Amino acid sequence: YAGNTGKTETQGFYVQDAIQMGQDMKLTLGVRQEQWRAFSGTTTNSTPMTVAYPERKEYFTSPKLSLSWVATEDWLLRGSLSRAVRFPTVTELFQGSISGTSIINNDPGLKPEKILSSELAAERDLGGAGNLRISLFQDDVTDYLTRQTDTTVFPTVTNIQNVDKVRVQGVETSMQRRDAFMQGLDLTGSVTFADSEILANTKNPASVGKEMIRIPDWRATLAATWHANDTMDFTLAGRYSGKQFNLLDNSDTNGDVYGGVSRFFVMDAKFNYKFDKRLSMSVGVDNLNNEKYYAAHPYTQRTWIVQVKGNL
């Protein structure tokens, strides 16, 4: 018999207050206080022999600040700054194994992932028919938790590790529009550009200066819903994801194979019909264009979904 056990527990509280500063400006302040504990961690080998890990307890304070200003009747400007933490999970701390010449082991001493987020945003009211939002953002992450291989030791060790410093910055636009072009046609969409970079990684120096994994450079969505009448509507949506990597050294340049991460454009469609106040049905198809793409494993291709819903 061999295995791993362990538990984690998080307790916290959050307080927030909004302060009106004159007629056009509002300051929002908040803070979250957390206590995290990891305990009852053990590893048992096939002998069997069990090793117990000491209990860990950590505290973290996450402040938040946001200042918004109604610049004109149509435009709202907002700046925000916040700090947050993600503590390691039970699996990340305690689960491990051996594969070939590599040790895939647990690390009960993993540091929590900490992030400092900042954003500048501008929002425009489209006359009650929707809104437009443009924002610049930057996330500075220390001790980023991800699976990687420690290339500084032999044999190599593969497990969940801390990447010292990562920065993600970019721009995002989003839009919502009701009755666009014609009565009953609603549009929603967004476009995001993200530039990610690994700034420091002592366990895998070759990754420094590379892009962080699973963060596409471009992402875009667009959905159109036509409300034909009070009983039926049709939705057609498209999703695009650009170049991204699955390896920290960015050596996986072919994303269209098993283990890679693909660029993709996928369309979805859905039809809803209400028979009466109690009974409705919907028919939808995900990946309408039958795109073949991967995120390490292949995603599902064209999939039909039929749903009937009744309220007693």
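In the block above lies the structure referred to throughout.
Quick notes on the rules
Residues numbered from 1 in each chain as written. Predicted model: local features only at pLDDT ≥ 70, side-chain atom pairs only at ≥ 80, totals over all residues. Heavy atoms only, no water. Helix = DSSP H or I, 4+ residues; strand = E, 2+ residues; numbered from the N terminus. Contact = heavy atoms within 4.5 Å. Areas by Shrake-Rupley, 256 points an atom, 1.4 Å probe, with all protein chains shown as cover. Lys, Arg positive; Asp, Glu negative; His and termini not counted. Charge placed at Lys NZ, Arg CZ, Asp CG, Glu CD. Phe/Tyr/Trp six-rings, centres within 6.5 Å; stacked < 30°, edge-to-face > 60°. 1 Å grid on protein atoms, 1.4 Å probe; cavity = no way out; pocket = protein on both sides within 12 Å on 5 of 7 lines; lining within 4 Å. Points joined across faces, edges and corners; volume = space filled by probe spheres on them. Nonpolar A, V, L, I, M, F, W, Y, C, P; charged D, E, K, R; others polar. Salt bridge = Lys/Arg side-chain N within 4 Å of Asp/Glu carboxyl O. Buried < 20%, exposed > 50% of the residue type's maximum accessible area, 1.4 Å probe, protein only. Pairing = 2+ DSSP bridges.

Can you walk me through the overall build of the chain in this structure?
Regarding its fold elements, the chain presents 1 helix and 18 strands. Across its three principal axes, the chain shows a C-alpha extent of roughly 70 × 55 × 45 Å. For the chain, contacts bridging at least 24 residues in sequence account for 58% of all contacts bridging at least 6. Per element, the accessible surface of the chain, about 18400 Å² overall, is 57% carbon and sulfur. Distance between charge centroids for the chain: 4 Å, based on 33 positive and 35 negative side chains.

Is there a simple way to think about the packing of aromatic side chains in this case?
Each aromatic ring pair is summarised here by two numbers: the centre-to-centre distance and the angle between the ring planes. What the rule picks out here adds up to 9 aromatic pairs. The rings of Trp226, Phe234, Phe271, Tyr273 and Phe275 are connected pair by pair, giving a single aromatic cluster.

Explain the layout of surface pockets here, please?
Gaps between atoms show up when a probe of the same size as a water molecule is rolled over them. In this structure, the largest pocket spans a volume of roughly 300 Å³. Taken together, 13 residues form the lining of the largest pocket, with Arg147, Gln148, Thr149, Asn246 and Leu247 sitting closest to its centre. Elements supplying a minimum of two residues to the lining of the largest pocket: strand E9 (130-150) and strand E10 (157-177). Considering every element that reaches the lining of the largest pocket, the biggest residue donor is E9, with 4 residues. The class makeup of the residues in the lining of the largest pocket is 4 nonpolar, 7 polar and 2 charged.

When you look at the pattern of salt bridges in this model, what are you seeing that I'm missing?
According to the stated counting rule, one finds 14 salt bridges in the structure shown. Among the ionic pairs, arginine 32 bridges to glutamate 34, the shortest N-O distance being 3.3 Å. The exposure class of glutamate 34 is buried, given its relative accessible area of 8%. As a salt-bridge pair, aspartate 143 and lysine 114 come within 2.9 Å of each other at their nearest N and O atoms. With aspartate 143 in strand E9 and lysine 114 in strand E8 (residues 113-125), this pair connects stretches of sequence that are 29 residues apart. Its relative accessible area of 10% is what places aspartate 143 among the buried residues. One network of salt bridges, with partners in common, ties together Arg78, Glu119, Glu123, Arg133 and Glu172.

Is there a simple way to think about the pairing of E9 in this case?
Of the strand pairs in this sheet, E8 and E9 are connected by 12 bridges, and their pairing is antiparallel. When the sheet's bridge partners are listed, leucine 120 is paired in E9 with leucine 136. Connecting E8 to the next strand, E9, in antiparallel fashion are 4 residues, including glycine 127 with a positive phi near 65°. Both E9 and E10 contribute to a ladder of 20 bridges, which runs antiparallel. Residue pairing for E10: aspartate 150 is matched across the bridge by valine 157. Counting the residues that bridge the hairpin from E9 to E10 gives 6 residues.

Just checking my understanding: could you explain empty space enclosed by the protein for this structure?
Tallying each qualifying case throughout the model produces 1 cavity of 30 Å³ or more. For the largest cavity, the calculated volume is near 40 Å³. Lining the largest cavity we find Ala38, Phe39, Gly41, Tyr53, Pro54, Arg56, Leu93, Phe94 and Pro108. For the lining of the largest cavity, the secondary structure elements donating two or more residues are strand E2 (25-44) and helix H1 (90-94).

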